[in-house]
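Geometric and topological summary
So you can see what is in the structure, the chains are spelled out below.
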Amino acid sequence: MKIFSSGLQFEVETAGDKRAPAVLLTMGPGRQLTAGSEHLLTALVNAGFCVIRHDNRDIGLSSHLDVLGIPDALGVAGAHPVGVSMGGMISQRIAAAAPDRVLSLPSVMRSSNAPGLHGSSPEVSGGLLTRPKSQSPHDVVDRTRDIFRLIGRPAYPQKRPISRQHLLDGVHRSYHRAGVSRPLLATMADPQRHTLLPRIFCPTLVIHGAADPLVPLACGQETAARIPGARFEAIEGMGHDGPPGVAALRATPIVPHFKSVPAGIPA
(Lines give C-alpha, C1' and ligand atoms only; values in the text may rest on other atoms or scores of the structure.)
Protein backbone atom coordinates (compact mmCIF):
# COMPACT_ATOMS: atom_id res chain seq x y z
CA MET A 1 0.00 0.00 0.00
CA LYS A 2 1.34 3.43 -0.93
CA ILE A 3 0.75 6.47 1.25
CA PHE A 4 1.94 10.05 0.86
CA SER A 5 3.37 12.26 3.58
CA SER A 6 5.53 15.39 3.58
CA GLY A 7 5.73 15.26 -0.18
CA LEU A 8 7.16 11.72 -0.15
CA GLN A 9 5.71 8.36 -1.10
CA PHE A 10 6.04 5.47 1.37
CA GLU A 11 5.39 1.79 0.85
CA VAL A 12 3.55 0.48 3.91
CA GLU A 13 2.11 -2.85 5.01
CA THR A 14 -0.11 -3.47 8.02
CA ALA A 15 -0.87 -6.74 9.76
CA GLY A 16 -3.40 -7.48 12.48
CA ASP A 17 -6.54 -5.71 13.63
CA LYS A 18 -6.33 -2.04 12.62
CA ARG A 19 -8.33 -1.13 15.72
CA ALA A 20 -5.66 -2.64 17.99
CA PRO A 21 -2.72 -0.75 19.55
CA ALA A 22 -0.20 0.03 16.83
CA VAL A 23 3.44 -1.02 16.55
CA LEU A 24 5.60 0.92 14.06
CA LEU A 25 8.46 -1.35 12.93
CA THR A 26 11.47 0.52 11.51
CA MET A 27 14.49 -1.31 10.12
CA GLY A 28 18.16 -0.43 9.79
CA PRO A 29 20.16 1.01 6.86
CA GLY A 30 19.25 -0.47 3.49
CA ARG A 31 16.71 -2.88 4.99
CA GLN A 32 13.29 -3.02 3.38
CA LEU A 33 10.05 -3.75 5.20
CA THR A 34 10.32 -7.33 3.92
CA ALA A 35 13.52 -7.72 5.96
CA GLY A 36 11.55 -7.44 9.19
CA SER A 37 11.32 -10.70 11.11
CA GLU A 38 8.22 -12.73 10.34
CA HIS A 39 8.64 -14.33 13.76
CA LEU A 40 8.35 -10.98 15.54
CA LEU A 41 5.51 -9.90 13.23
CA THR A 42 3.53 -13.08 13.94
CA ALA A 43 4.17 -12.85 17.68
CA LEU A 44 2.95 -9.24 17.83
CA VAL A 45 -0.17 -9.91 15.71
CA ASN A 46 -1.03 -13.00 17.78
CA ALA A 47 -0.61 -10.88 20.93
CA GLY A 48 -3.28 -8.47 19.66
CA PHE A 49 -1.29 -5.63 18.05
CA CYS A 50 -1.56 -3.97 14.65
CA VAL A 51 1.93 -3.95 13.11
CA ILE A 52 2.89 -1.23 10.63
CA ARG A 53 5.95 -2.01 8.50
CA HIS A 54 7.37 0.47 6.00
CA ASP A 55 10.10 1.09 3.50
CA ASN A 56 11.88 4.13 4.89
CA ARG A 57 12.80 6.89 2.45
CA ASP A 58 15.56 5.89 0.03
CA ILE A 59 14.61 2.23 0.58
CA GLY A 60 12.49 -0.27 -1.29
CA LEU A 61 9.36 1.11 -2.94
CA SER A 62 9.29 4.41 -1.02
CA SER A 63 10.54 7.74 -2.37
CA HIS A 64 14.26 7.64 -2.97
CA LEU A 65 15.82 10.60 -1.30
CA ASP A 66 9.48 11.78 8.70
CA VAL A 67 8.51 8.64 9.87
CA LEU A 68 5.65 10.14 11.93
CA GLY A 69 3.93 10.97 8.64
CA ILE A 70 3.16 7.25 8.24
CA PRO A 71 0.98 6.93 11.39
CA ASP A 72 -0.56 10.30 10.47
CA ALA A 73 -1.57 9.04 7.04
CA LEU A 74 -3.03 5.86 8.59
CA GLY A 75 -4.95 7.79 11.23
CA VAL A 76 -2.94 6.27 14.12
CA ALA A 77 -2.72 8.61 17.11
CA GLY A 78 -0.18 6.67 19.17
CA ALA A 79 2.13 3.71 18.54
CA HIS A 80 4.95 1.61 19.94
CA PRO A 81 7.88 2.50 17.62
CA VAL A 82 10.10 -0.60 17.45
CA GLY A 83 13.48 0.49 16.13
CA VAL A 84 16.09 -2.03 15.01
CA SER A 85 19.67 -0.77 14.49
CA MET A 86 19.33 2.58 12.67
CA GLY A 87 15.60 2.22 13.24
CA GLY A 88 16.40 2.45 16.95
CA MET A 89 17.94 5.87 16.34
CA ILE A 90 14.75 6.98 14.57
CA SER A 91 12.54 5.56 17.33
CA GLN A 92 14.59 7.28 20.05
CA ARG A 93 14.17 10.60 18.28
CA ILE A 94 10.42 10.04 17.87
CA ALA A 95 10.06 9.27 21.58
CA ALA A 96 12.01 12.41 22.56
CA ALA A 97 10.39 14.78 20.06
CA ALA A 98 6.78 13.54 20.10
CA PRO A 99 6.07 11.95 23.49
CA ASP A 100 2.32 12.39 23.01
CA ARG A 101 2.47 9.98 20.06
CA VAL A 102 4.48 7.20 21.72
CA LEU A 103 2.92 4.42 23.82
CA SER A 104 6.25 2.84 24.73
CA LEU A 105 9.77 2.53 23.31
CA PRO A 106 11.57 -0.73 22.55
CA SER A 107 15.06 0.19 21.27
CA VAL A 108 16.92 -2.75 19.73
CA MET A 109 20.73 -2.86 19.26
CA ARG A 110 21.26 0.89 19.07
CA SER A 111 23.78 3.25 20.63
CA SER A 112 23.20 6.76 21.99
CA ASN A 113 26.18 8.04 19.93
CA ALA A 114 27.60 9.59 23.07
CA PRO A 115 31.26 10.70 22.92
CA GLY A 116 33.74 8.17 24.27
CA LEU A 117 31.74 5.04 23.48
CA HIS A 118 33.75 2.33 21.79
CA GLY A 119 32.53 1.32 18.35
CA SER A 120 33.12 -1.63 16.09
CA SER A 121 36.52 -2.98 15.07
CA PRO A 122 38.25 -1.62 11.94
CA GLU A 123 37.45 -4.92 10.21
CA VAL A 124 33.71 -4.55 10.78
CA SER A 125 33.62 -0.81 10.06
CA GLY A 126 35.61 -1.27 6.86
CA GLY A 127 33.41 -4.16 5.76
CA LEU A 128 30.32 -1.95 5.92
CA LEU A 129 31.90 0.45 3.44
CA THR A 130 32.70 -2.15 0.79
CA ARG A 131 30.74 -2.21 -2.45
CA PRO A 132 29.46 -5.21 -4.40
CA LYS A 133 31.61 -6.36 -7.32
CA SER A 134 28.85 -5.22 -9.66
CA GLN A 135 25.22 -4.14 -9.49
CA SER A 136 23.98 -7.59 -10.53
CA PRO A 137 21.48 -9.07 -8.02
CA HIS A 138 23.78 -11.98 -7.17
CA ASP A 139 26.78 -9.72 -6.48
CA VAL A 140 24.62 -7.45 -4.32
CA VAL A 141 23.43 -10.48 -2.33
CA ASP A 142 27.01 -11.76 -1.96
CA ARG A 143 28.10 -8.43 -0.51
CA THR A 144 25.12 -8.38 1.88
CA ARG A 145 25.89 -11.89 3.09
CA ASP A 146 29.52 -10.90 3.66
CA ILE A 147 28.28 -8.09 5.90
CA PHE A 148 26.00 -10.45 7.81
CA ARG A 149 28.97 -12.73 8.43
CA LEU A 150 30.82 -9.76 9.92
CA ILE A 151 28.02 -8.52 12.16
CA GLY A 152 26.35 -11.84 13.02
CA ARG A 153 27.47 -14.48 15.47
CA PRO A 154 27.66 -18.28 15.13
CA ALA A 155 25.39 -18.84 18.15
CA TYR A 156 22.47 -17.97 15.84
CA PRO A 157 23.44 -18.86 12.26
CA GLN A 158 21.40 -17.95 9.22
CA LYS A 159 20.00 -20.86 7.21
CA ARG A 160 22.07 -20.15 4.13
CA PRO A 161 19.81 -21.33 1.24
CA ILE A 162 16.77 -19.59 2.79
CA SER A 163 18.76 -16.47 3.61
CA ARG A 164 20.19 -16.15 0.10
CA GLN A 165 16.79 -16.51 -1.55
CA HIS A 166 15.25 -14.05 0.87
CA LEU A 167 17.95 -11.49 0.10
CA LEU A 168 17.63 -12.10 -3.63
CA ASP A 169 13.86 -11.55 -3.43
CA GLY A 170 14.54 -8.23 -1.71
CA VAL A 171 16.96 -7.09 -4.42
CA HIS A 172 14.47 -7.98 -7.13
CA ARG A 173 11.79 -6.07 -5.22
CA SER A 174 14.01 -2.97 -5.12
CA TYR A 175 17.69 -2.06 -4.90
CA HIS A 176 18.87 1.51 -4.40
CA ARG A 177 22.56 1.83 -3.46
CA ALA A 178 22.20 5.33 -2.01
CA GLY A 179 19.50 3.95 0.27
CA VAL A 180 22.29 2.12 2.10
CA SER A 181 25.04 4.75 2.12
CA ARG A 182 22.91 7.77 3.05
CA PRO A 183 21.36 6.18 6.16
CA LEU A 184 24.82 5.09 7.30
CA LEU A 185 26.00 8.67 6.97
CA ALA A 186 22.91 9.81 8.88
CA THR A 187 23.79 7.59 11.83
CA MET A 188 27.29 9.08 11.95
CA ALA A 189 25.92 12.63 11.64
CA ASP A 190 23.77 12.38 14.77
CA PRO A 191 26.25 13.17 17.57
CA GLN A 192 23.83 14.98 19.89
CA ARG A 193 21.15 12.29 20.27
CA HIS A 194 22.54 11.23 23.64
CA THR A 195 21.45 14.61 25.03
CA LEU A 196 17.84 13.87 24.02
CA LEU A 197 17.51 10.50 25.73
CA PRO A 198 16.92 11.90 29.26
CA ARG A 199 13.78 13.54 27.82
CA ILE A 200 12.20 10.13 27.13
CA PHE A 201 9.73 9.24 29.88
CA CYS A 202 7.61 6.56 28.21
CA PRO A 203 8.07 2.91 29.32
CA THR A 204 11.32 1.89 27.61
CA LEU A 205 12.87 -1.49 26.94
CA VAL A 206 16.43 -1.57 25.56
CA ILE A 207 17.41 -4.88 23.94
CA HIS A 208 20.99 -5.59 22.92
CA GLY A 209 23.10 -8.50 21.79
CA ALA A 210 25.76 -9.54 24.27
CA ALA A 211 27.99 -10.49 21.32
CA ASP A 212 27.21 -7.56 19.00
CA PRO A 213 30.40 -6.81 17.00
CA LEU A 214 29.02 -3.66 15.35
CA VAL A 215 27.44 -1.85 18.32
CA PRO A 216 29.11 -3.26 21.47
CA LEU A 217 27.06 -4.32 24.48
CA ALA A 218 28.27 -1.32 26.51
CA CYS A 219 26.50 0.97 24.03
CA GLY A 220 23.13 -0.61 24.81
CA GLN A 221 23.80 -0.46 28.54
CA GLU A 222 24.77 3.20 28.27
CA THR A 223 21.61 3.95 26.25
CA ALA A 224 19.41 2.39 28.91
CA ALA A 225 21.21 4.33 31.65
CA ARG A 226 20.38 7.64 29.96
CA ILE A 227 16.62 6.97 29.67
CA PRO A 228 14.76 7.40 32.97
CA GLY A 229 13.37 4.10 34.22
CA ALA A 230 14.49 2.12 31.15
CA ARG A 231 14.78 -1.65 31.48
CA PHE A 232 17.76 -3.37 29.86
CA GLU A 233 17.69 -6.85 28.35
CA ALA A 234 20.84 -8.52 26.99
CA ILE A 235 20.51 -11.54 24.71
CA GLU A 236 23.42 -13.93 25.03
CA GLY A 237 25.10 -14.87 21.76
CA MET A 238 23.18 -12.29 19.72
CA GLY A 239 25.08 -10.24 17.16
CA HIS A 240 23.77 -7.41 14.99
CA ASP A 241 21.70 -9.43 12.52
CA GLY A 242 18.28 -11.05 12.79
CA PRO A 243 18.21 -14.79 12.06
CA PRO A 244 15.06 -16.69 13.16
CA GLY A 245 16.48 -17.79 16.53
CA VAL A 246 17.30 -14.20 17.49
CA ALA A 247 13.97 -12.88 16.22
CA ALA A 248 12.07 -15.25 18.49
CA LEU A 249 14.17 -14.17 21.50
CA ARG A 250 13.52 -10.50 20.75
CA ALA A 251 9.77 -11.10 20.73
CA THR A 252 9.89 -12.74 24.17
CA PRO A 253 10.50 -9.51 26.16
CA ILE A 254 8.84 -7.12 23.66
CA VAL A 255 5.30 -8.58 23.79
CA PRO A 256 4.93 -8.40 27.62
CA HIS A 257 6.53 -4.94 27.54
CA PHE A 258 3.75 -3.76 25.21
CA LYS A 259 1.09 -5.55 27.25
CA SER A 260 2.18 -3.68 30.38
CA VAL A 261 1.27 -0.34 28.81
CA PRO A 262 -2.40 0.81 28.90
CA ALA A 263 -3.78 0.59 25.36
CA GLY A 264 -4.19 3.84 23.51
CA ILE A 265 -2.71 6.06 26.22
CA PRO A 266 0.62 7.66 25.26
CA ALA A 267 2.96 8.02 28.21
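Residues numbered from 1 in each chain as written. Predicted model: local features only at pLDDT ≥ 70, side-chain atom pairs only at ≥ 80, totals over all residues. Heavy atoms only, no water.

1. Section: the packing of helix α5 (residues 137-151) against helix α6 (residues 160-173)
Axis separation between α5 and α6 bottoms out at 9 Å; the angle between their running directions is 125 degrees. Comparing their axes, α6 and α5 come out oblique. Crossing handedness for the pair α5 and α6: right-handed. Together, P137, H138, V140, V141, D142, T144, R145, F148 and R149 of α5 and R160, R164, L167, L168, V171 and H172 of α6 make up the contact between the two elements. (Axes fitted to C-alpha atoms, helices over the stretch in contact; angles between N-to-C directions. Helix = DSSP H or I, 4+ residues; strand = E, 2+ residues; numbered from the N terminus. Parallel < 35°, antiparallel > 145°, perpendicular 65-115°, else oblique. Left-handed = near helix turned anticlockwise from the far one by under 90°. Contact = heavy atoms within 4.5 Å.)

2. So, the nonpolar core
Counting residues in each nonpolar core, the largest one holds 22 residues, and the members touching the most others are L25, L44, I254 and F258. Elements represented by at least two residues in this core include exactly β3 (22-26), α1 (38-46), β5 (79-84), β7 (204-209) and α9 (244-259). Among the elements that take part in this core, α9 stands out by supplying five residues, more than any other. Setting aside chain neighbours within four positions, we find I254 in contact with L40, L44, P106, L205 and I207. Judged by nonpolar contacts, the second largest core, of 15 residues, contains M89, A95, A96 and A98. (Core = buried A, V, L, I, M, F, W, Y, C linked by side-chain atoms within 4.5 Å. Buried < 20%, exposed > 50% of the residue type's maximum accessible area, 1.4 Å probe, protein only.)

3. Details of the packing of aromatic side chains
Throughout the structure, instances matching the rule amount to one aromatic pair. Note on F49 and F258: the rings are 5.3 Å apart at their centroids and 65 degrees apart in plane angle, and the pair reads as edge-to-face. Residue class for F258 comes out buried when judged on its relative accessible area of 1%. (Phe/Tyr/Trp six-rings, centres within 6.5 Å; stacked < 30°, edge-to-face > 60°.)

4. Topic: empty space enclosed by the protein
Volume-wise, the largest cavity comes out at about 60 Å³. Around the largest cavity sit L24, L68, P71, V76, A77, G78, A79, P81, I94, R101 and V102, which together line it. Residue classes in the lining of the largest cavity are distributed as nine nonpolar, one polar and one charged. (1 Å grid on protein atoms, 1.4 Å probe; cavity = no way out; pocket = protein on both sides within 12 Å on 5 of 7 lines; lining within 4 Å. Points joined across faces, edges and corners; volume = space filled by probe spheres on them. Nonpolar A, V, L, I, M, F, W, Y, C, P; charged D, E, K, R; others polar.)

5. Focus on the packing of α1 against α9
Contact geometry for α1 and α9: axes closest at 8 Å, N-to-C directions at 25 degrees. Judged by the inter-axis angle, α1 sits roughly parallel to α9. Judged by the twist between their axes, the crossing of α1 over α9 is right-handed. For the pair α1 and α9, contact is made by H39, L40, A43 and L44 and by P244, A247, A248, A251, I254, V255 and F258, respectively.

6. Some remarks on the environment of R193
Turning to its location among the elements, R193 is positioned in the loop between α7 (178-188) and β7. Along the sequence, R193 and M89 sit 104 residues apart, while their C-alpha atoms lie 8.2 Å from each other. With residues near it in sequence (within four places) discarded, R193 still touches M89, Q92, R93, R110, S111, S112 and N113. Of the polar contacts made by the side chain of R193, one reaches the side chain of Q92; its length is 2.6 Å. (Polar contact = N/O pair within 3.5 Å; in protein donor to acceptor, adjacent residues only side chain to side chain.)

7. With respect to α1
Among the residues making up α1, those that are buried are L40, L41 and L44. An end-on view of α1 places all buried positions within 100 degrees of arc, on one side of the element. Residues of α1 that are buried make contact with β2 (8-15), β3, β4 (50-54) and α9. Residue G48 follows α1 closely and has a positive phi angle near 100 degrees. (Arc of directions from axis to C-beta.)

8. A look at the sheet that holds β2
Read across the sheet, eight strands follow the order β1-β2-β4-β3-β5-β6-β7-β8 without closing on themselves; strand pairing throughout is mixed. Looking at strand neighbours, the two that pair on one side only are β1 (2-5) and β8 (231-235), the edges of this open sheet. Pairwise comparison of adjacent strand axes, ignoring direction, gives a mean angle of 25 degrees for this sheet. Note: strand β6 (residues 105-108) against β7, four bridges, orientation parallel. Within β7, the residue paired with V108 across the bridge is I207. Across the sheet, helix α3 (residues 86-97) is in contact with β3, β5 and β6; its angle to β5 comes to roughly 145 degrees. (Pairing = 2+ DSSP bridges.)

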